[in-house]
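Notes for the structure review
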Amino acid sequence: MKFKTLALSGAIALTLASTVSASESSIRFDGFPDFDSSLKVIAPEFEKETGIKVDVLMNNHGDHHTKLTTNLATGSGAGDVIVVDVEKVGPFVASGGLVDLSKQYGADKYEELFAPYAWAQGKGADGDVYGIPVDLGPGVMYYRTDIFEKAGIDLKDAIKDWDSYIKAGEALKKQNIQLIASASDVAQAIIFTTVPEGEGLYFDKNGKSVVTSERFVHAFEVAKEIRDKGLDGHIRAWSNEWYEGFRKGTFATQLSGAWLLGHLKNWIAPETKGKWAVSHLPDGIYGSWG
């Protein structure tokens, strides 16, 4: 018997897969980079302990999810364990093509090992678990140390608040370097990482929209100032131009999740090793990014 599940955690998901059937000699793990790097560490130990071989099928982020949509709709073709981006979890759970991990594998006993909001993201409308979180995706700022040094920018000053971040961008502009790929990334950082207790990204606890709240207004005001001053490159994330920006150093900072480091190191810009460093997000904010 094969099964298809929303696998948001390599270690736990593979353990669950081992309970599929004693007769199984192999399982397939479908994902996208940089999960292959994690599996190179996890899979050998799993195979040693269970005797089950893990076949890994990696595809780029977009094609991976497009393929899974078809697989789950037709009820065939998906791996035994799959990785799903947090932004696509809801539709995939609602599709009905994923195993109820609560009923079939008693996944609820793992809840105390995870942050409450992350655990909730893998649940269906029935309250059961259909996916296990892989990480919390803390938000960070990547920055080019060589470019900062040349422009005479002190990191601590640059991330003190959004005004100082913009001021750093103005200094970078004099060096013909963009502050960030897209001002929208700044808006996203503020919106995603300054969520009040008990409130969602777009709705409060009563289901009322918060898109006109101070959080959103502030996010767009900061992003608009960056755009109006010509400090961003109008470059969309995960585009070829974005990849080239990292490789050529056309922008000096990027706000993203801690998970981006693996992508930079392994395939986006490995030749820039040693030039990128990581810091907290500007304005003293902390929070999840995926």
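Fair warning: this is a prediction, and the values are worked out from it, not measured in the lab.

A few points about the nonpolar core
In terms of nonpolar packing, the biggest core is built from 35 residues, with Trp162, Tyr165, Leu172, Val186, Ile226 and Leu255 touching the most fellow members. Mapped by element, the contributors of at least two residues to this core are β6 (139-144), α7 (145-150), α9 (162-173), β7 (178-180), α10 (183-193), α11 (214-228) and β8 (251-257). Per-element accounting of this core gives the leading share, seven residues, to α10. Apart from residues no more than four positions distant in its own chain, Val186 is found in contact with Trp162, Tyr165, Ile180, Val222, Ile226 and Leu255. In this structure, Val140, Tyr142, Tyr243 and Phe246 belong to the second largest nonpolar core, which totals 13 residues.

Details of the layout of surface pockets
Roughly 170 Å³ of internal volume is contained in the second largest pocket. Lining the second largest pocket are 13 residues, and of these Leu261, Lys265, Lys273, Gly274 and Trp276 sit closest to its centre. Of all the secondary-structure elements, those providing two or more residues to the lining of the second largest pocket are α13 (260-268) and β9 (276-279). Here the residues of the lining of the second largest pocket are counted per class, giving eight nonpolar, two polar and three charged.

Topic: the environment of Leu281
Locating Leu281 in the fold gives a position in the segment after β9. For Leu281, a relative accessible area of 2% gives the class buried. Linking Leu281 and Phe216, residues 65 residues apart in sequence, is a C-alpha distance of 17 Å. When residues no more than four places from it in sequence are discounted, the contact partners of Leu281 are Gly139, Val140, Met141, Ile159, Thr193 and Leu255.

Section: the pairing of strand β2 (residues 26-31)
One face of the sheet, then the other: side chains in a regular strand alternate in exactly this way. Here six bridges tie β2 to strand β3 (residues 53-58), and the two strands are oriented parallel to one another. Directly across from Ile27, in β3, lies its bridge partner Val54. Between the parallel elements β2 and β3, the chain passes through helix α2 (residues 35-50) in a crossover that is right-handed. Pairing geometry for β2 and strand β4 (residues 81-82), over two bridges, is parallel. Within β4, the position partnered with Phe29 by the bridge is Val81.

Some words on the confidence of the model for the protein
On average, residues of the protein carry a pLDDT of 87, and 91% of them reach 70 or more. Confidence drops under pLDDT 50 across residues 1-22; counting only partners more than four residues distant or on other chains, this segment forms 79 contacts.

What to know about the pattern of salt bridges
On inspection of all chains with the given rule, the structure shows twelve salt bridges. A salt bridge links Glu199 to Arg215, with the nearest nitrogen and oxygen atoms 3.3 Å apart. In this pair, Glu199 sits in the loop between α10 and α11 while Arg215 sits in helix α11, placing the two residues 16 residues apart along the sequence. Classification of Glu199 as partly exposed rests on a relative accessible area of 25%.

Quick look at the packing of aromatic side chains
Per the stated rule, a full pass over the model turns up twelve aromatic pairs. Taking 4.9 Å as the distance between ring centres and 55° as the angle between the ring planes, the aromatic pair formed by Trp238 and Trp242 counts as tilted. Among the residues examined, Trp238 registers a relative accessible area of 38% and is labelled partly exposed. Between the aromatic rings of Tyr243 and Trp267, the centroid separation amounts to 5.2 Å while the plane-to-plane angle is 70°, which identifies the pairing as edge-to-face. Linking Tyr243 in helix α12 (residues 240-248) with Trp267 in helix α13, this pair joins segments that are 24 residues apart in sequence. What makes Tyr243 buried here is its relative accessible area of 13%. Among the aromatic residues, those joined into a ring-pair cluster are Trp238, Trp242, Tyr243, Phe246, Phe251, Trp259, Trp267 and Trp276.

So, the environment of Gly51
Within the secondary structure, Gly51 sits in the loop between α2 and β3. Those residues in contact with Gly51 that sit more than four places away from it in its chain are Ser25 and Phe46.

Criteria and thresholds
Residues numbered from 1 in each chain as written. Predicted model: local features only at pLDDT ≥ 70, side-chain atom pairs only at ≥ 80, totals over all residues. Heavy atoms only, no water. Core = buried A, V, L, I, M, F, W, Y, C linked by side-chain atoms within 4.5 Å. Buried < 20%, exposed > 50% of the residue type's maximum accessible area, 1.4 Å probe, protein only. Helix = DSSP H or I, 4+ residues; strand = E, 2+ residues; numbered from the N terminus. Contact = heavy atoms within 4.5 Å. 1 Å grid on protein atoms, 1.4 Å probe; cavity = no way out; pocket = protein on both sides within 12 Å on 5 of 7 lines; lining within 4 Å. Points joined across faces, edges and corners; volume = space filled by probe spheres on them. Nonpolar A, V, L, I, M, F, W, Y, C, P; charged D, E, K, R; others polar. Pairing = 2+ DSSP bridges. Right-handed = clockwise from strand over helix to strand, strands pointing away. pLDDT = per-residue confidence, 0-100. Salt bridge = Lys/Arg side-chain N within 4 Å of Asp/Glu carboxyl O. Phe/Tyr/Trp six-rings, centres within 6.5 Å; stacked < 30°, edge-to-face > 60°.

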